[in-house]
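One letter stands for each residue in the lines below.
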Amino acid sequence: MSSIITNKKRVGNFTSSNIYKLCTSNRKGDSFGAPGLTYIKEKRIEKRLGRSLDTGAYSRSIAWGNFMEQRVFDLIGFEHKMRSDETVHHPTIDGWAGSPDTIVPKVKVSDIKCYEPKNFALYAECLEKQDPELFKKDFAKEYWQLVSNAIINEVPNAEAILYMPYKSELEEIQEMAANYDGLDMWKYRFIYESEWWELSVLPDDSYYKNLNSFEFEVPKDDIDFLTERVELAIKMRDE
């Protein structure tokens, strides 16, 4: 988290994780909606401050997601390259950046989500439909994050990945957390100190699968729409 907050490549720039805000429209449909206008104002302030507005508040759900990311990476195949700690700028548009969780060069970007139970179930059911338009409608934040990262990294496809470990996986995960000796090790104590039902864990006989994914080709219309929105947002930020 601290590396994201202090990353100068992100300060003042529109980044994939919040780019969905620029895809909202006002009632007339001729400008940004309130979330987009607020986001532009925040980026203007960041640029003038020279630092992120985020101070890095800790939460168990964020820590859980960060810890699970490496496990997912081990499950999805060697062709994926981990990129979550790297910020990539758009090749020609200064002010647009993103950090995909993984990339298969020249093929696709992926973003990994490890949600708490309710959001996991809703997201899993959406991905199960394998319908890009439904995905865009019901999970705009996740959809536009993927589209943005695909554009920035110049790949044709995007893949949503969702993971929640089965209960039978938990012993291994808790052992990994107990033996973790990297930075911020205190953030992961709750993983091995908690009972399974206190964590985002699936019973082994759950209706849902532990690992879910949906890959789609990014529509040209959405590429053009988002590019136009980001270019306009950058212009407004700098006014």
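Residues numbered from 1 in each chain as written. Predicted model: local features only at pLDDT ≥ 70, side-chain atom pairs only at ≥ 80, totals over all residues. Heavy atoms only, no water.

Help me out: how do you make sense of the packing of aromatic side chains in this one?
The geometry of two aromatic rings is summed up by the distance between their centres and the angle between their planes. Considering all chains together, one arrives at 18 aromatic pairs under this definition. Here the aromatic rings of Tyr123 and Phe135 are separated by 6.0 Å at their centres, their planes lie at 45°, and the arrangement is tilted. Of the two residues, Tyr123 is situated in helix H4 (residues 117–128) and Phe135 in helix H5 (residues 132–138); the sequence distance between them amounts to 12 residues. Judged by relative accessible area, Tyr123 falls into the buried class, the value being 1%. Judged by its relative accessible area of 0%, Phe135 is buried. When the centroid spacing of 4.8 Å and the interplanar angle of 50° are considered together, the rings of Tyr123 and Phe139 count as tilted. Of the two residues, Tyr123 is situated in helix H4 and Phe139 in the loop between H5 and helix H6 (140–153); the sequence distance between them amounts to 16 residues. The pair Tyr123 / Phe139 is uniform in exposure class, with both members buried. An aromatic cluster is built from Tyr115, Tyr123, Phe135, Phe139, Tyr143, Trp144, Phe214, Phe216 and Phe225, whose rings are joined through pairwise contacts. (Phe/Tyr/Trp six-rings, centres within 6.5 Å; stacked < 30°, edge-to-face > 60°. Helix = DSSP H or I, 4+ residues; strand = E, 2+ residues; numbered from the N terminus. Buried < 20%, exposed > 50% of the residue type's maximum accessible area, 1.4 Å probe, protein only.)

Whenever I open this one, the sheet that holds strand E7 (residues 157–163) confuses me. Can you help?
Pairing within the open sheet is mixed, and its 5 strands lie in the order E2-E5-E6-E7-E8. Where the open sheet ends on each side, the last strands, each with one partner, are strand E2 (81–82) and strand E8 (211–217). The pairing of strand E6 (residues 108–113) with E7 spans 6 bridges and is classified as parallel. From the neighbouring strand, Val109 faces E7, where its bridge partner is Ala158. (Pairing = 2+ DSSP bridges.)

For this particular structure, what's the right way to read H4?
The α-helix winds at 3.6 residues per turn, so residues separated by three or four positions along the chain end up facing the same way. Taking 1.5 Å per residue as the helical rise, H4 with its 12 residues ought to reach 16 Å, and the 16 Å between its terminal C-alpha atoms agrees with that figure. Taken residue by residue, H4 has Phe120, Ala121, Tyr123, Ala124, Cys126 and Leu127 as its buried positions. Of the surrounding secondary structure, the elements contacted by the buried residues of H4 are E6, H5, H6, E7 and E8. Once H4 ends, the next one or two residues include Gln130, with phi positive near 55°. (Expected span 1.5 Å × (residues − 1). Contact = heavy atoms within 4.5 Å.)

Would you mind going over H6 with me for this structure?
Here H6 is 14 residues long and its end C-alpha atoms lie 20 Å apart, about the 20 Å a rise of 1.5 Å per residue gives. Across the 14 residues of H6, 12 count as buried, placing the element largely inside the fold. When we look at burial in H6, the residues that qualify are Glu142, Tyr143, Trp144, Gln145, Leu146, Val147, Ser148, Asn149, Ala150, Ile151, Ile152 and Asn153. Within two residues after H6, Glu154 carries a phi angle of roughly 55°, on the positive side.

Shape descriptors only; they carry no functional weight alone.
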